[in-house]
Amino acid sequence: MSTAAPPQKVAPRRERSGGRLSNGAFALLLTAPGLALFAAIIIYPLLSALFTGFFKQDLRLPGREFVGLENFSYWLDGDFLTILKQTLIFTFGATLVPFVVGFALALALNSGLKGSGFLRGLFLFPWVIPGVVVSFLWMWIFNANYGVLNGVLMKAGIIEESISWLGQPGTAMLAVIVTKTWASFPWMMVMLLAGLQTVPKELHEAASMDGAGSIRRFFAVTWPQVRGVASIVLLLEFIWNFQHFDTIYVLTGGGPAGTTETFATAVYQTAFKGFDIGRATALGGLWMVLLLILVAVYLRITERKGDAR
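Residues numbered from 1 in each chain as written. Predicted model: local features only at pLDDT ≥ 70, side-chain atom pairs only at ≥ 80, totals over all residues. Heavy atoms only, no water.

Asks: How would you explain the nonpolar core if you had to name every residue and give the values?
Replies: Counting 22 residues, the largest nonpolar core has W75, F80, F242, F263, L283 and W287 as its most contacted members. The set of elements that each furnish at least two residues to this core consists of α2 (70-76), α3 (80-110), α10 (214-242), α12 (263-272) and α13 (277-308). In terms of residue count, the dominant contributor to this core is α13 (eight residues). Beyond its immediate sequence surroundings of up to four residues, L283 is in contact with W75, F80, F263, A266 and V267. Judged by nonpolar contacts, the second largest core, of 19 residues, contains F103, V226, V233 and L236. (Core = buried A, V, L, I, M, F, W, Y, C linked by side-chain atoms within 4.5 Å. Buried < 20%, exposed > 50% of the residue type's maximum accessible area, 1.4 Å probe, protein only. Helix = DSSP H or I, 4+ residues; strand = E, 2+ residues; numbered from the N terminus. Contact = heavy atoms within 4.5 Å.)

Below you can see the structure in the form of structure tokens.
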């Protein structure tokens, strides 16, 4: 009597990987050139600049001397709060004023104003002009000897003699804010107009049927619908103005008597006119910390907007 041989266990087949990379390794390989370029042109210069803030270094002399936190304490015990205050005055003024102007024009264009298409293109004109050109244009307008503004005000009988708008501490910052307002209100107008055009007309019609006037409709219907767009526009403009340079430098150079000096102009003046690269990079590091806080706030707001959707 024959007996059947017991069945033998067959080992599971293992598929040969053939040298294939995992998804993570493949993704890293694809992004490696971009990461290397980013590290070379962003990370390394940033770390090198921050490291320089711990040294006493003059652009006119070779070598440098390690001084620790001396450059940072120089600013924190000196003009840091003054520069911060003036930077915030410029930033708030150059953000809120063009926002109000841009929002008013966006509401007018959204109301079906005749010729709104032509006006929209016309209002964009200041935005497409380079900032330096805008600054020179307004420097001519504010000129104390032959400026258009003084000429108009004198002919209207508002002033009796020319005013040095850019040469007086009381008017220099106002002139800078006006110049920046003229250059930046168009893009805020466009963004806010895009937000207004997404508001359903049915909501306005329902509010009108309930007897709501234009002001009440604005606060009950329009503003809640565009509040998200408005907050992003305000925060972005605030961040950009916090690091703005060209308008201030061309118009006043931080003067008169340092009354329009901001972080941007102070870093430039310290590095390239005072030749003290150590103190300039120390101030730049403090400035960067404040900017990172603003960017974190912006990312947090945009994240909340995304979660709400």
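Asks: Go over unusual backbone geometry with me, naming the residues and quoting the values.
Replies: In this structure, the amide linkage connecting G255 to the following residue, P256, adopts the cis form with an omega of -5°. Along the chain, the position of P256 falls in the loop between α11 (246-251) and α12. Not every positive phi belongs to a glycine, and F275 is a case in point at roughly 60°. Its location among the elements puts F275 in the loop between α12 and α13.

Asks: Give a detailed account of the pattern of salt bridges, specifying residues and quantitative values.
Replies: This structure, assessed with the given rule, holds three salt bridges. With its nearest N and O atoms 3.3 Å apart, the salt bridge here joins K180 to E237. Of this pair, K180 sits in helix α8 (residues 169-196) while E237 sits in helix α10, placing them 57 residues apart in sequence. Each member of the pair, K180 as well as E237, is classed as buried. Among the ionic pairs, R279 bridges to D276, the shortest N-O distance being 3.6 Å. (Salt bridge = Lys/Arg side-chain N within 4 Å of Asp/Glu carboxyl O.)

Purely geometric stuff here, so don't read any function into it on its own.
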